[in-house]
Amino acid sequence: MTRVRAFLRPAATGLAVALLALVTGCGSSAPAATPRMVTPAGSDPSDPSSAGPGPSDSPGPSASGKTKSPGAAPAPASGPLNLAAVAGKTILVDPGHNGGNWAHPEIINQLVPMGTGSKACDTTGTQTNSGYQEAAFTFDVGTRLVALLRSAGARVVLTRDSNSGVGPCVDKRAALGNNARANVAVSIHADGAPAGGHGFHVMEPARVGAPSNAIVATSQVLALKVRDNYRARTGIPASSYIGSDGINTRGDMAGLNLSTVPKVLVECGNMRNGGDAAMMTNPTYRQRMAEGLAAGLAAYLASLG
Ligand SMILES: [Zn+2]
């Protein structure tokens, strides 16, 4: 929902390629990245990310940021996960964005169908103030989720198998779930909202005359199951800045509009919020996030009887 500046440090050059990206939350209607060369890494005094890792991005819930502390959130659930309902099911896991998107605006800015018109192929995604990129976060959580689901007997289809590529475009991501006739689909994202907002939210499709019309109702059930289980497993509260109790109904998301299988998009937290960023940069929390998503998918599938 916000404009963010984002930076990349290409290993090959040692220089930061500064990209000015317009990121509309995630999934983004954004006309994305316009490359702007070249700022030495961390040298831009106007950008908060140039300060490098700070206490607000340090791992651990105790390293709360400038805003509300995650320590105030309910304690996360622990103990065994009940993923029995995913056995034998086909599940699409879509880690948002891709690590190479930053360097290829000519690809990700191409317009693709979105069910109600067209929008950009993909966007760069956001990042924490210390430079932990959303694409890396979503791929890590997605990888953890896939491991959980496969170990419980699910057949998993992934939209990308690395964090070094570009895309695929949002319409292709939806098509992968549709073509696999997935029983359920989830897109994993993190938001880049103003720093004062925190918490997660789950996007569900609105009824907008798109292919998703047929799965609006089932996706609403899915959204509630994912919300409840993600919140319980992670202890992260519902968003303080968008949606209603962690649910946000959207008609402008290509990946939702084009889906013909039940699907939600989860904004796991706000990367620009110090407290949320502290959790997202902590692998222990990323595992809990994956567990929360897995439990939500399983609860949805179990509800089908
Ligand atoms: Zn995103």
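Residues numbered from 1 in each chain as written. Predicted model: local features only at pLDDT ≥ 70, side-chain atom pairs only at ≥ 80, totals over all residues. Heavy atoms only, no water.

Engineer: Please set out the sheet that holds strand β10 (residues 247-250) residue by residue, giving values where relevant.
Structural biologist: Taken together, 6 strands build an open sheet; the order of strands is β7-β4-β8-β11-β9-β10 and the sheet is mixed. Every interior strand has two partners, whereas the edge strands, β7 (155-158) and β10, have only one. Pairwise comparison of adjacent strand axes, ignoring direction, gives a mean angle of 25 degrees for this sheet. Pairing geometry for strand β4 (residues 90-95) and β7, over 4 bridges, is parallel. Bridge pairing in β7 places Leu-92 opposite Val-157. Across the sheet, helix α2 (residues 134-151) touches β4, β7, β8 (184-191) and β11 (263-270), and the angle it forms with β8 is around 150 degrees. On top of the sheet, helix α7 (residues 283-303) reaches β4, β8 and β11; it is set at about 150 degrees to β8, its chief contact. (Pairing = 2+ DSSP bridges. Helix = DSSP H or I, 4+ residues; strand = E, 2+ residues; numbered from the N terminus. Axes fitted to C-alpha atoms, helices over the stretch in contact; angles between N-to-C directions. Contact = heavy atoms within 4.5 Å.)

Engineer: If you had to explain the nonpolar core to someone new, which residues and values would you point to?
Structural biologist: Residues Ile-91, Phe-137, Leu-145, Leu-149, Met-289 and Leu-297 are the most contacted members of the largest nonpolar core, which totals 41 residues. For this core, the leading source of residues is α7, giving 9 residues. By size, the runner-up hydrophobic cluster in this structure holds 8 residues, among which are Val-112, Cys-121, Ala-254 and Leu-258. (Core = buried A, V, L, I, M, F, W, Y, C linked by side-chain atoms within 4.5 Å. Buried < 20%, exposed > 50% of the residue type's maximum accessible area, 1.4 Å probe, protein only.)

Engineer: Break down the pairing of strand β9 (residues 201-205) for me, citing the residues and quoting the values.
Structural biologist: Burial of β9 is extensive: 5 of the 5 residues sit out of reach of the surface. Judged from the 3 bridges that link them, β9 and β11 form a sheet pairing that is antiparallel. Paired with Val-202 across the two strands is Val-266, which belongs to β11. In this sheet, β10 lies alongside β9 in parallel orientation, the contact comprising 4 bridges. Bridge pairing in β10 places Pro-205 opposite Arg-250. Following the backbone out of β9, through helix α4 (residues 216-234) and into the adjacent parallel β10, one traces a crossover that is right-handed. (Right-handed = clockwise from strand over helix to strand, strands pointing away.)

Engineer: Run through the state of the cysteines, naming residues and quoting values.
Structural biologist: By definition, a disulfide is the covalent link that joins the sulfur atoms of two cysteine residues. Summed over all chains, the structure comprises 1 disulfide. Put simply, Cys-121 and Cys-169 are joined by a disulfide, and their sulfur atoms are 2.1 Å apart. Sign of the S-S torsion, about -90 degrees for the bond between Cys-121 and Cys-169, identifies this disulfide as left-handed. You can see Cys-121 sitting in the loop between β6 (118-120) and α2 and its partner Cys-169 sitting in the loop between β7 and α3 (170-179), a full 48 residues away along the chain. In terms of burial, Cys-121 and Cys-169 fall into one category: buried. (Disulfide = S-S within 2.5 Å.)

Engineer: Describe in detail α4, supporting the description with residues and values.
Structural biologist: Between its terminal C-alpha atoms α4 stretches 26 Å, which fits the 27 Å expected from 19 residues at 1.5 Å a residue. Every buried residue of α4 is listed here: Val-216, Ser-219, Leu-222, Ala-223, Val-226, Arg-227, Tyr-230, Arg-233 and Thr-234. For α4, the arc enclosing every buried residue in end-on projection is 150 degrees, short of the 170-degree limit, so these residues lie on one face. Structurally, α4 contributes buried residues whose contacts are with β8, β9, β10, β11 and α7. Gly-235 sits one or two residues past α4 and shows a positive phi near 80 degrees. (Expected span 1.5 Å × (residues − 1). Arc of directions from axis to C-beta.)

Engineer: Describe the pattern of salt bridges, and please don't skip the residues or the numbers.
Structural biologist: Side chains that differ in sign of charge can pair as their charged atoms come close. Inspection of the entire model under this criterion finds 10 salt bridges. Arg-227 is paired through a salt bridge with Asp-228; the nearest N and O atoms lie 3.0 Å apart. Residue Arg-227 is classed as buried on the basis of its relative accessible area of 12%. A residue is classified by how much of its surface remains accessible, and Asp-228, at 37% relative accessible area, is partly exposed. Asp-228 is paired through a salt bridge with Arg-231; the nearest N and O atoms lie 3.8 Å apart. One end of the pair, Asp-228, and the other, Arg-231, are both in helix α4, 3 residues apart, so they sit about a helical turn from each other. Relative accessible area serves as the criterion here: at 26%, Arg-231 is assigned to the partly exposed category. Beyond isolated ion pairs, a larger network of salt bridges with shared partners links Arg-227, Asp-228, Arg-231 and Asp-245. (Salt bridge = Lys/Arg side-chain N within 4 Å of Asp/Glu carboxyl O.)

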